[in-house]
Amino acid sequence: MCGFAGYIAKEGDGEQFKNDLTEMMNSIIHRGPDDAGTHIDDMAGLGFRRLSIIGITNGKQPMYNEDGTIVVTFNGEIYNYQEIKEDLIAKGHIFKTDADTEVLVHGYEEYGVQLLDKLRGMYAFAVWDRTNKKMFIARDIFGIKPMYYTQTDTGEFVFGSEIKAILKFPKVKKEFNATALETYLSFQYSILDETFFKGIFRLPPAHYLMWEDGKYEVKQYYTKEFNEDKNITFDEAVEKVNAVMEDSIRHHKISDTEVGGFLSGGVDSSYIVARSDLDKTFSVGFDYPKCNEVPLAKMLSDYVGVKNKSKLITTEEYFEEFPKIMNHADEPLSDPSCIALYFLCQLASKEVKVILSGEGSDELFGGYNIYKSPLALKPMRVVPRPVRRGVRKVLTKLPVNFKGKNYLIRAGEDLEERYIGNAYIFHTDEVYKMLKKPLKKYTPQSITKPIFDRVKDKDDITKMQYLDIHTWLWGDILNKADTMSMAHSLEVRVPFLDKEVAKVAFSIPVEHRVNDKETKRYFRAAANKFMPDVTAERKKLGFPIPVRNWLREDKYYEMVKETLTSKEAKKFFHTDYLVNLLDRHYNNKCDNSRKIWTVYAFLIWYQKHFSVSA
């Protein structure tokens, strides 16, 4: 786990930016405090910060091929590097290190872009082909590791593991992208390829970028597809997932340093811990009864015989650290659980460099409670669609609330209209009301439509999973995992998000995944073989954060209100609209906590990144 940054300039200009490359590297020193390295030639500069995990003594980067014509910087882990290495040695390549990085050097020489078809792991890397003056950049299939890039007005191509490194390049302009704010308010995270910084883009998961002669092209190299095998029985599904997870965990434990595990009271992290033979686990909770999973985590640790270290996060700590974290984050993180994850990573980093974590299980196996909603709405299908849509139209305009109203409204909507992912914070009409100058460039549905179109022949549950895998998973779940862990120089590995695990998950029939009583059914049955029933069968909770409670306490109500009426807020929002949201929540008339927190997180982030220059 590391970080890198670099640039391609006009031929002959490469040396003039070498001091800037040092500044770029220093901005991401948290990603790799153990070592640093650079490559600078007459055209390109590549800088690297290293967190030593595999090939500790000889894995320095940038890394070269035999004659120095191929240069690579790499962030992540290639779990099948030993198999690839054997093949490359048989083809005549000479390896000088034990590091997984070197398979990228020789793999690019041997296979070119087709190297990506062979990789199993989490990765973002940049390969500079000095002979052909080409830059090859790629990101793993799920988007576990980040990758950003931009092209300056004067033609330099700049890239890095974090946006903050790119902003250190002198030709890059720091400019706020208002379009990102508009979509963020609905999705809860930055979903567009163009980030909150105008002109700076993220490379999408499962894509590569090829730069040559001042131009670049982005292409997809891997497609995630659900191909159900209706012949798979429930028991066979259980056997398949247990077998492939055993293999994945074994690969994810490859390390020259100690490996620990995150542990909540949920089935995902508990399953990994129960099957990984780890020495240490780490847990956090809050001083609210329904927001403390530490007792359950300790119970599981005792059950499997592993040490557990835990911390209770106080409300004061949470609010004190929040602005610091928004200052560190490249883009606003409005998922409240990201702060809890920050403290969890801080706790673990004091003792280990590598952690196994449970991200991805819900998306692959069908674990979110909302995935049951198509089954709940199924009885309404007997009502003709035009009637359902007519009822929806009337009820949407009706100011009176009553039990069943939302159910009838949802029954009158197609999935593609009502579902934009695991979070749906502000609907389009709300966004337009609260923003002073709405751009109206995108609606949530215009963003999700191309994704839904690729699975138009699938059932609604599969469509929901597919959308979340292509949006929510990388935009929220993996983004916060990388940001919070690397803030503490900690490598988080996610065994569920493995190419081989995905093949199995995408083949399992939907009825084995979700029914009207239970989510990720076959995975829970698989987990039952390794842990107590109370853990394996536990309802999906996420990472419970007491934001709803905090916003009804005078101290935090006033703190948030001050931000919602700040000069930064007035620049973008009708602040009376925001205050009304807060007051209605404070007075217990409704639960607006997620809406308020989404705006609050953005404003704190904006204050830290733009207020000085705004």
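Check the entry above for the structure.
**Some details on helix 19 (residues 472–486)**
Counted at 1.5 Å a residue, the expected span for helix 19 with its 15 residues is 21 Å, and the 20 Å between its end C-alpha atoms agrees. The largest bend in helix 19 is about 35°, located at leucine 478. Helix 19 sits mainly inside the fold: 14 of its 15 residues count as buried.

**A look at the sheet that holds strand 12 (residues 215–220)**
Through backbone hydrogen bonds, the strands of a sheet pair up, either in parallel or in antiparallel fashion. Here we have 6 strands laid out as an open sheet, ordered 4-5-6-7-11-12, and antiparallel in their pairing. Across the chains shown, the open sheet's two edge strands, defined by having one partner strand only, are strand 4 (63–64) and strand 12. The pairing of strand 4 with strand 5 (residues 70–78) spans 2 bridges and is classified as antiparallel. Its bridge partner being in strand 5, tyrosine 64 is matched across the sheet by valine 71. Contacts between helix 3 (residues 101–111) and the sheet are confined to strand 4, strand 5, strand 6 (121–129) and strand 7 (134–139), with strand 5 contributing the most and set at about 130° to the helix.

**Details of the packing of helix 9 (residues 315–328) against helix 10 (residues 337–349)**
Remark: helix 9 packs on helix 10, axes separated minimally by 10 Å, with the N-to-C direction vectors making an angle of 95°. Judged by the angle between their axes, helix 9 and helix 10 are roughly perpendicular. Side by side, helix 9 and helix 10 meet where Glu317, Tyr318, Glu321, Phe322 and Ile325 of the first sit next to Ile339, Ala340, Tyr342 and Phe343 of the second. Residues that form the contact of helix 9 with helix 10 fall into these classes: 7 nonpolar, no polar and 2 charged.

**Quick word on the side chain of threonine 563**
Its location among the elements puts threonine 563 in helix 25 (residues 554–564). Beyond its immediate sequence surroundings of up to four residues, threonine 563 is in contact with Ala569, Tyr600, Leu603, Ile604 and Gln607.

**What to know about the sheet that holds strand 15 (residues 307–313)**
Taken together, 5 strands build an open sheet; the order of strands is 15-14-13-16-17 and the sheet is parallel. Every interior strand has two partners, whereas the edge strands, strand 15 and strand 17 (491–493), have only one. For this sheet the average axis-to-axis angle between neighbouring strands, irrespective of direction, equals 30°. Strand direction decides the pairing type here: strand 16 (residues 354–356) and strand 17, joined by 3 bridges, are parallel. Along strand 17, the bridge assignment pairs leucine 356 with arginine 493. Strand contacts of helix 9: strand 14 (280–286) and strand 15, with the helix running at about 80° to strand 15, the strand carrying the most contacts. Its contacts with the sheet place helix 10 against strand 13 (259–262), strand 14, strand 15 and strand 16, and it is angled at close to 145° to strand 14.

**Side note on the packing of helix 2 (residues 81–90) against helix 3**
It is the contact of helix 2 with helix 3, at a shortest axis distance of 10 Å, that shows an interaxial angle of 50°. As far as their axial angle goes, helix 3 and helix 2 are oblique. Taken as a pair, helix 2 and helix 3 cross one another with a handedness that is left-handed. For the pair formed by helix 2 and helix 3, the contact residues are Tyr81, Ile84, Lys85, Asp87 and Leu88 on the first element and Val103, His106, Gly107, Glu110 and Tyr111 on the second. A class-by-class count of the residues in the contact of helix 2 with helix 3 yields 5 nonpolar, 2 polar and 3 charged.

**A look at a negative patch on the surface**
Taken together, Asp287, Glu316, Glu553, Asp554, Glu558 and Glu562 make up a surface patch of like negative charges. A total of 3 residues in the negative patch trace back to one element, the largest contributor, which is helix 25. Secondary-structure assignment places aspartate 287 in the loop between strand 14 and helix 8 (294–304). Assessed through its relative accessible area of 46%, aspartate 287 is described here as partly exposed.

**Notes on the nonpolar core**
Core analysis: the largest hydrophobic core is formed by 177 residues, its most contacted members being Phe125, Leu181, Leu185, Phe573 and Phe602. The contacts of leucine 185, once residues within four sequence positions are left out, are Ile425, Phe426, Val431, Met434, Leu435, Phe573, Thr598 and Val599. The next biggest cluster of nonpolar side chains, apart from the first, holds 20 residues, and it includes Leu46, Ala126, Ile137 and Phe159.

**A look at the environment of glycine 6**
If you trace the backbone, glycine 6 turns up in strand 1 (residues 2–8). Exposure remark for glycine 6: the relative accessible area of 0% places this residue in the buried category. Here the alpha-carbon distance between glycine 6 and tyrosine 149, two residues 143 residues apart in the chain, equals 9.5 Å. Once residues within four sequence positions are removed from consideration, glycine 6 is found in contact with Leu21, Met24, Gly45, Leu46, Phe157, Val158 and Phe159.

**Overview of the packing of aromatic side chains**
With the rule as written, the count across this model stands at 56 aromatic pairs. A centroid spacing of 5.0 Å and a plane angle of 85° characterise the contact between phenylalanine 572 and tyrosine 606, whose relative ring orientation is edge-to-face. Remark: tyrosine 606 occurs in helix 28 (residues 593–609) and phenylalanine 572 occurs in helix 26 (residues 567–572); sequence separation between them is 34 residues. Considered together, phenylalanine 572 and tyrosine 606 belong to a single accessibility category, that of buried residues. Three or more aromatic residues joined by ring pairs form one cluster here, namely Phe176, Tyr184, Phe196, Phe197, Phe572, Phe573, Phe602, Trp605, Tyr606 and Phe610. For lysine 118, the ring lying beneath its charged end belongs to tyrosine 111, and the centroid distance is 4.5 Å. Sitting above the plane of the tyrosine 432 ring, lysine 440 keeps its charged end 4.9 Å from the centroid.

**Brief notes about the environment of valine 244**
Turning to its location among the elements, valine 244 is positioned in helix 6 (residues 234–252). Classification of valine 244 by relative accessible area gives buried; the value is 11%. Residues valine 244 and aspartate 498, spaced 254 residues apart in sequence, show a C-alpha to C-alpha distance of 9.4 Å. Beyond its immediate stretch of four places on either side in the chain, valine 244 contacts Glu500, Val501 and Val504.

Rules used throughout
- Residues numbered from 1 in each chain as written.
- Predicted model: local features only at pLDDT ≥ 70, side-chain atom pairs only at ≥ 80, totals over all residues.
- Heavy atoms only, no water.
- Helix = DSSP H or I, 4+ residues; strand = E, 2+ residues; numbered from the N terminus.
- Expected span 1.5 Å × (residues − 1).
- Bend = angle between axes of the 7 residues up to and from the residue.
- Buried < 20%, exposed > 50% of the residue type's maximum accessible area, 1.4 Å probe, protein only.
- Pairing = 2+ DSSP bridges.
- Contact = heavy atoms within 4.5 Å.
- Axes fitted to C-alpha atoms, helices over the stretch in contact; angles between N-to-C directions.
- Parallel < 35°, antiparallel > 145°, perpendicular 65-115°, else oblique.
- Nonpolar A, V, L, I, M, F, W, Y, C, P; charged D, E, K, R; others polar.
- Left-handed = near helix turned anticlockwise from the far one by under 90°.
- Patch = residues over 30% accessible without salt bridge, like charges linked within 9 Å, V, L, I, M, F, W, Y side chains within 5 Å.
- Areas by Shrake-Rupley, 256 points an atom, 1.4 Å probe, with all protein chains shown as cover.
- Salt bridge = Lys/Arg side-chain N within 4 Å of Asp/Glu carboxyl O.
- Lys, Arg positive; Asp, Glu negative; His and termini not counted.
- Charge placed at Lys NZ, Arg CZ, Asp CG, Glu CD.
- Core = buried A, V, L, I, M, F, W, Y, C linked by side-chain atoms within 4.5 Å.
- Phe/Tyr/Trp six-rings, centres within 6.5 Å; stacked < 30°, edge-to-face > 60°.
- Lys NZ or Arg CZ within 6 Å of the ring centre and 35° of its normal.

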